[in-house]
Amino acid sequence: MSLQEIVVDGEQTADTKNALISLDSPISLKYVAAGRIAQSVLSHLVREVTEQRMRNVYDICHTGDSLIELETNKVYKNVDEKGVASPTTLDINNCVRGYSPINRDSAYILSDGDVVKISLGVHIDGYTSLVSHTLIALPTIPRTEQVSPTTGVLADDICATHLATEAVISLLGTVLYRYENQSGYFGNRPVNGERIREIVESVAKSFHVKIVPGSSVRRIKRFLVGQDTVHEVDVKGYAWGSINIEAMTDDPDEGDLKKMIDTEAPAEPGEAWLVDISLCTFSGLASDLSKKNGLQVSRRTLKPHRDLKPTIFTRDYNRNLSMKLKSARSVLIELDNRKSVYPFHLNSLTTPGAPLGVAALVNSEIVAPTTVMMIQGSPAPIAARERTTILLMSSAKHIGEVVRLSGSGIKPSWVHSEFEVTDEEIIELLSDKRAGVRLRNIQGTELDVVKDDVQEMEIA
Amino acid sequence: MCCISTISTYINNRLDIKFNRLGHKVHHFCHVTLALFTCNGCGVGFPTPDMQRRHMKTDWHRYNLKRRVATLPPISAEIFAERVLQQMDATRKNEEKLSIGGGNKKTLRHHKAPSSVATLSVAGDDLDSVIEDESIDLAGPSVEYVASNAARGVDGEDEDEDIDSIIERKLRSAVKLPLSACIFCSAQNFRDVDDSLAHMQHDHGLFIPERNYLVDLKGLVEYLSEKVSIGNACLYCSFIGRSLNSVRDHMIAKQHCKIPYDTEDDQLEISNFYDFSSSYPDDYEEEDDWDDVASGDESPDDDGSTVQVAGGQRQRRTETNLVLDPTGLELSLPLSRLRIGHRSLARYYRQSLRPTTELREGQGTVIAASSRQILATVPRDPIKDRLTKKEWRDQRDKQNRDIRREQRYINQQKHYRDPMLGG
């Protein structure tokens, strides 16, 4: 399949807010700025973890949020809404999402060999960049002295996640180019949710891992990045389990999913997409590769943590109630005035009595909690997660390119898996040429962090 | 002419035939009368009371009475008749001279004798005119008044007169009342206006209102006297007299010797002679050089010293200046920016509305994108609605039917159940 690199016109999508014409357009610049900050903070945190400077999860999360705030405050002074789009969470081993401790004393301390998934998100004026990276918390020996790569199911997991993400990014990038075959698409088929699903599931199958419900590849818009409380109408892409992880059921063909997401609609140039793939080993799971579930982890095994209470919340703006509790009222005022539509961490609220107020708000369903989800099993399965945001940038002047806002440039953990990808298409997507897709990676900058400042600063 | 003959006949007859008290005819000579029923005012006597009574009703007698009032000796019937003749001639001549068309007068409007006078059907005024020859200076006004009356002819009782002719007549018959004369009575010997005013206040009860603010006293007095003397109008009510005397009589009799000051119109009538500007509140200024501020209540250089009332006028704030909105529903307090609303709108002021929060961009986007909102605007399918409703109705009917059917068998028990044993 040869490729004609034809200039693709800057087609405007239905949502002209996301018209990413070129890297110079103001919207693109905001995305890039957000991506840069996310990347910078992520690499900083990864370095902290790998160089064993930080072991307390609370420290890491707190640092992450503070850095994001600092960096976003430095840029775009006239923009009101900017900052943390997803509070820094550190999910360990079989924890899938949502762990960010409130206080230092009760926080988890990293131990050797933990599979750590650092997730965070940055937004400027609603233009979001979300990123996640999986790494193994190494033993106390320095990495250079690591003799051999990690192997085993852990390796399979991490490899598969990484490769799946890369493949999907390349696939989405092919939308920008016109191929010589009849339909002009890569592989003669449009790039839509179904196609994405095939690729991910193929990779998962090759590496003998399962897809964790809650993974999704979807198109995002300004302010709408798949928050729990937002029930968007026109969503493109594919989601395993459910759009809303809280409302997941066992049946992957659940009607809710079909209503919520349009898996047939193809990706188009000028869009921003969120690739969030989470795969887990199923050694501890009852091996149910039945047709019903397929490659998806059963819903029954994905459960909220027994002890850990949710610390991350999202305001549901569709509900407006007047609260009786005074602290609830003041928290609500703070949320409406200072917080945006993204999830926030409990520690970021400055009103006194915030936990009580938030609890009341959760009761009235004005605020939705992000529960800490774990995959049950014995031995506990291990999940890996990779999340990036990409822009499908098309321009009249330049040849279209995929801008990977964050998630690149960080050295993956040294793992070696015995499995490999078998599908030809996927091999082509994963090759260096990437089936002709030009990929631009936004690199992070060195953050000059003064440790004392960061630790003492309150997250605004 | 016939009247004269009638008179002479009457006189002759009466002089000739006399009746004594007992009713017997008594013959007597002409001038030696055995007058048992006399009229002292005229100096005549009558044999019968009827004749006396008839005499009392005549113009001649009346004229003699007037003469008596004017301290003149009575005249005989013949002389009276002559004078009447003269008067009629003079009137006819004058009438020819003057305008013929508009000479209709109201005759005897107010002074008409209750009983019709068969004899002299002359206007009572004409009797006055007869006195003219005597040229005695009666109360001054009467003299001139008489002159004007002479100009009037004897006319029928025409009620309608043009206003112009009325004014003309009034002007002609106007008596020049000196300033220091009393308006209401004939007293004239006052030194100046104040004296006459004092007399009027003391004797007639005339009180000048708002004396403090009166500027032009002489003008006011002149106005009032003109009103009475020229217009013959009562000061207090709407009575218009035929002459100065008549209106004077009216005012004295009805105690209308006062200046009306109750209604606004009354006050306006004599407002020219007053100056109330010293009673206005301090610092009252009409800011004429302010243009209507179209851009709301606050003007750029508004320092709160003036209040923009909805009519566009600016009024200066003062300590006592409460500015009322033209609608009457808003009061601007002095010296502050507060505006008080009227109590009739209290229920609206008491409303406590939910504060509308302005949504920020993120919130707006999220709410707009949320499917919950959009699904609500999906239109309902009327056919589907009808079908579902029909379904519900059918189901409900079926249930009702089943219940009713059951009722027939509900008491039918296959086996006997003893209540004591728990049936």
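Residues numbered from 1 in each chain as written. Chains lettered and ligands numbered in written order. Predicted model: local features only at pLDDT ≥ 70, side-chain atom pairs only at ≥ 80, totals over all residues. Heavy atoms only, no water.

**A few points about the packing of aromatic side chains**
All names here are of chain B. With the rule as written, the count across this model stands at ten aromatic pairs over all chains. Their ring planes at 35° and their centres at 5.5 Å tell us that Y63 and F80 sit as a pair that is tilted. Taken together, the residues Y63 in helix α3 (residues 59-69) and F80 in helix α4 (residues 77-97) connect sequence positions 17 residues apart. In this structure Y63 comes out as buried when scored by relative accessible area, which is 0%. (Phe/Tyr/Trp six-rings, centres within 6.5 Å; stacked < 30°, edge-to-face > 60°. Helix = DSSP H or I, 4+ residues; strand = E, 2+ residues; numbered from the N terminus. Buried < 20%, exposed > 50% of the residue type's maximum accessible area, 1.4 Å probe, protein only.)

**Some thoughts on the nonpolar core**
Residue and element names in this part refer to chain A. Counting residues in hydrophobic clusters, the biggest one holds 46 residues, and the most contacted among them are V168, L172, I196, V217, W273, I277 and L392. Of all elements in the fold, only α3 (153-173), α4 (193-207), β11 (272-280), β17 (383-393) and α8 (424-430) reach the threshold of two or more residues within this core. With eleven residues, the single largest contributor to this core is α3. Judged by nonpolar contacts, the second largest core, of 35 residues, contains V41, L67, V84 and V122. (Core = buried A, V, L, I, M, F, W, Y, C linked by side-chain atoms within 4.5 Å.)

**Some details on the interface of chain A and chain B**
If you look at the interface, chain A gives 24 residues, while chain B gives 14 residues. If you sort the residues of chain A by the area they bury against chain B, A:H231, A:Y317 and A:N318 come out on top, with a joint share of 31%. Counting the contacts that link chain A with chain B gives two salt bridges. Applying the counting criterion to the chain A and chain B interface returns eight residue pairs in polar contact (both at pLDDT 80 or more). Of the residues contributing to the side of chain A that touches chain B, the split by class is eight nonpolar, seven polar and nine charged. (Contact = heavy atoms within 4.5 Å. Buried area = accessible area lost by both parts, 1.4 Å probe. Salt bridge = Lys/Arg side-chain N within 4 Å of Asp/Glu carboxyl O. Polar contact = N/O pair within 3.5 Å; in protein donor to acceptor, adjacent residues only side chain to side chain. Nonpolar A, V, L, I, M, F, W, Y, C, P; charged D, E, K, R; others polar.)

**Details of the packing of helix α8 (residues 193-204) of chain B against helix α9 (residues 217-229) of chain B**
Residue and element names in this part refer to chain B. It is the contact of α8 with α9, at a shortest axis distance of 11 Å, that shows an interaxial angle of 55°. For the element pair α8 / α9, the angle class is oblique. Crossing angle aside, the handedness with which α8 passes α9 is left-handed. When α8 is examined against α9, the residues V193, D194 and L197 are found in contact with a partner set consisting of L217, K218 and V221. Classifying every residue of the contact of α8 with α9 by side-chain character gives four nonpolar, no polar and two charged. (Axes fitted to C-alpha atoms, helices over the stretch in contact; angles between N-to-C directions. Parallel < 35°, antiparallel > 145°, perpendicular 65-115°, else oblique. Left-handed = near helix turned anticlockwise from the far one by under 90°.)

**Describing the pairing of strand β8 (residues 216-220) of chain A**
Residues and elements named next belong to chain A. The element β8 is extensively covered by neighbouring structure, given that five of its five residues are classed as buried. Side chains S216, R218 and I220 of β8 all project onto a buried face; the interleaved residues V217 and R219 project onto the opposite face, where all are buried too. Here β8 pairs with strand β9 (residues 235-239) via three bridges, running antiparallel. Within β9, the residue paired with S216 across the bridge is A239. When β8 meets β11, the two strands line up antiparallel, connected through five bridges. Opposite I220, over in β11, you have A272 as the bridge partner. (Pairing = 2+ DSSP bridges.)

**Topic: the pattern of salt bridges**
One pass over the structure, following the stated rule, counts 29 salt bridges over all chains. In this structure, A:E271 engages A:R219 in a salt bridge whose closest nitrogen and oxygen atoms are separated by 3.9 Å. Taken together, the residues A:E271 in the loop between β10 (261-262) and β11 and A:R219 in strand β8 connect sequence positions 52 residues apart. Each member of the pair, A:E271 as well as A:R219, is classed as buried. In this structure, the salt-bridge partner of B:D402 is B:K398, at a minimum N-O distance of 3.5 Å.

**Examining the sheet that holds strand β13 (residues 312-315) of chain A**
All names here are of chain A. One open sheet holds the three strands; their spatial order is β14-β13-β15, and the pairing between them is antiparallel. Because the sheet does not close on itself, it has two edges, and the strands there are β14 (344-345) and β15 (367-370). Across two bridges, β13 lies against β14 in antiparallel orientation. Paired with F313 across the two strands is F344, which belongs to β14.

**Things to note about the confidence of the model for chain A**
Residue and element names in this part refer to chain A. Summary statistics for chain A give a mean pLDDT of 81 and a share of 83% for residues scoring 70 or more. Of the regions scoring below 50 in pLDDT, residues 1-18 engages in 47 contacts with residues more than four places distant in sequence or in other chains. For residues 456-460, every residue scores under 50 in pLDDT, and the model assigns this stretch 13 contacts once sequence neighbours within four places are set aside. (pLDDT = per-residue confidence, 0-100.)

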